[in-house]
Amino acid sequence: LLPYIYSGFHRVAAEGYTMQRALAFDFPESARARTTADAFMFGPALLVAPLVSNATSRSVHLPPTPGAWRGFYDGQPYAAGDVTASPAIEEVALYARAGSLVLLGPDLQHADEKPADPLEVRVYDGADASFTLYEDDGVSAADATGGASSGSATIRIAWDDAAETLTVGARAGSFPGMLAARTLHLVRVAP
């Protein structure tokens, strides 16, 4: 999840975005979302519902959202409402909003360990989606609050659900050590 997280935390620095937040931030019209204290949104796409203690299952409230929800791992569709989550021992109860793009990269311990390539673009269909991939040298903070400039680069990615088309925009900006080309693997997550 590093490309998703890194891009999200760039938004935190540049826009005052909140990466991890209570469900009520995204679903203020939902009374259940306003009172849910044991699940949260992580970035624009993911609803996280941790299991605690020795629990093997739990009830999760999925607030109303256009296109409903998808299981993160298998793309299983879920309507808004209460569902029972029973994730495998190595997983967490994790749901993606329909109409989301989630970018995954290779296993890394830190952002500048090695080039984060290839990237996996996971499409959770059901609605249009967009995501801006943010990249920098992983070390300097010179561009932490700015947009794409000489110290960073962005790539806009968009999913048109009706046309079932993914559009990858041109890279804007550059930085020392930037990969000359990006390899993207598209995964349309579906049951």
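Scroll up for the structure.
First things first, this report covers the structure right here in the doc. (Residues numbered from 1 in each chain as written. Predicted model: local features only at pLDDT ≥ 70, side-chain atom pairs only at ≥ 80, totals over all residues. Heavy atoms only, no water.)

### What about the sheet that holds strand β9 (residues 100-104)?
The strand order β9-β10-β15 describes an open sheet built from three strands, whose pairing is mixed. At either end of the open sheet lies a strand with only one pairing partner, and these are β9 and β15 (184-188). Geometrically, the sheet is characterised by an average inter-axis angle of 25° between neighbouring strands, direction not taken into account. Alignment of strand β10 (residues 119-124) against β15, held across five bridges, turns out to be parallel. In the strand pairing of β15, V121 is matched with L186. (Pairing = 2+ DSSP bridges. Helix = DSSP H or I, 4+ residues; strand = E, 2+ residues; numbered from the N terminus. Axes fitted to C-alpha atoms, helices over the stretch in contact; angles between N-to-C directions.)

### Comments concerning the pattern of salt bridges
Under the definition given, this model contains twelve salt bridges. Between D26 and R97 there is a salt bridge, with the nearest N and O atoms lying 2.2 Å from each other. Here D26 is found in helix α2 (residues 23-26), whereas its partner R97 is found in strand β8 (residues 93-97), with 71 residues between them in sequence. Residue D26 is classed as partly exposed on the basis of its relative accessible area of 22%. Note on R97: relative accessible area 16%, which makes it buried. Here R188 ties to E164 by a salt bridge, and the two come within 3.2 Å at their closest N and O atoms. Of this pair, R188 sits in strand β15 while E164 sits in the loop between β12 (152-160) and β13 (165-168), and the two are 24 residues apart along the sequence. Bridged by salt links that share partners, the residues R70, D125, E164 and R188 form one connected network. (Salt bridge = Lys/Arg side-chain N within 4 Å of Asp/Glu carboxyl O. Buried < 20%, exposed > 50% of the residue type's maximum accessible area, 1.4 Å probe, protein only.)

### Notes on the nonpolar core
If you look at soluble globular proteins, the nonpolar side chains tend to sit buried side by side. Core analysis: the largest hydrophobic core is formed by 25 residues, its most contacted members being Y4, L46, F72, L101, V102 and L103. Only β3 (46-49), β8, β9, β10, β11 (129-136) and β12 provide two or more residues apiece to this core. Beyond its immediate chain neighbours, meaning those up to four positions away, V102 contacts L1, Y4, A45, L46, F72, E120, V121, R122 and Y124. L23, V60, L62 and A93 belong to the second largest nonpolar core, which has 14 residues in total. (Core = buried A, V, L, I, M, F, W, Y, C linked by side-chain atoms within 4.5 Å. Contact = heavy atoms within 4.5 Å.)

### Focus on the packing of aromatic side chains
In this description, an aromatic ring pair is defined by two values, namely the gap between the centres and the angle between the planes. Following the criterion strictly, the structure yields seven aromatic pairs and no others. The rings of Y4, F42 and F131 are connected pair by pair, giving a single aromatic cluster. Lying across the ring of Y17, R11 places its NZ or CZ 3.8 Å from the centre. Cation over ring: R122 sits above F72, and NZ or CZ is 4.7 Å from the ring centre. (Phe/Tyr/Trp six-rings, centres within 6.5 Å; stacked < 30°, edge-to-face > 60°. Lys NZ or Arg CZ within 6 Å of the ring centre and 35° of its normal.)

### Some points on helix α1 (residues 2-15)
Taking 1.5 Å as the rise per residue, α1 with 14 residues should run 20 Å; its terminal C-alpha atoms sit 19 Å apart, in good agreement. Listed in full, the buried residues belonging to α1 are P3, Y4, S7, G8 and H10. Taken around the axis of α1, the buried residues stretch over an arc of 155°, which confines them to a single face. Packing partners of the buried residues in α1 comprise β2 (40-42), β3, β9, β10 and β11. Phi turns positive one or two residues past the end of α1, at G16, with a value near 80°. (Expected span 1.5 Å × (residues − 1). Arc of directions from axis to C-beta.)

### Focus: the sheet that holds strand β1 (residues 20-22)
Where strands meet in a sheet, backbone hydrogen bonds hold them as pairs that are either parallel or antiparallel. Pairing is antiparallel in the open sheet, where six strands are placed in the order β1-β2-β3-β8-β5-β6. Among the strands making up the open sheet, the edge pair consists of β1 and β6 (77-78). When β1 meets β2, the two strands line up antiparallel, connected through three bridges. What sits directly across from Q20, in β2, is F42.

### Description of the environment of Y134
Inspection of the secondary structure assignment puts Y134 in strand β11. The sequence separation of Y134 and H10 amounts to 124 residues, and the corresponding C-alpha distance is 7.1 Å. Side chain to side chain, Y134 and D136 meet in a polar contact 3.0 Å long. (Polar contact = N/O pair within 3.5 Å; in protein donor to acceptor, adjacent residues only side chain to side chain.)

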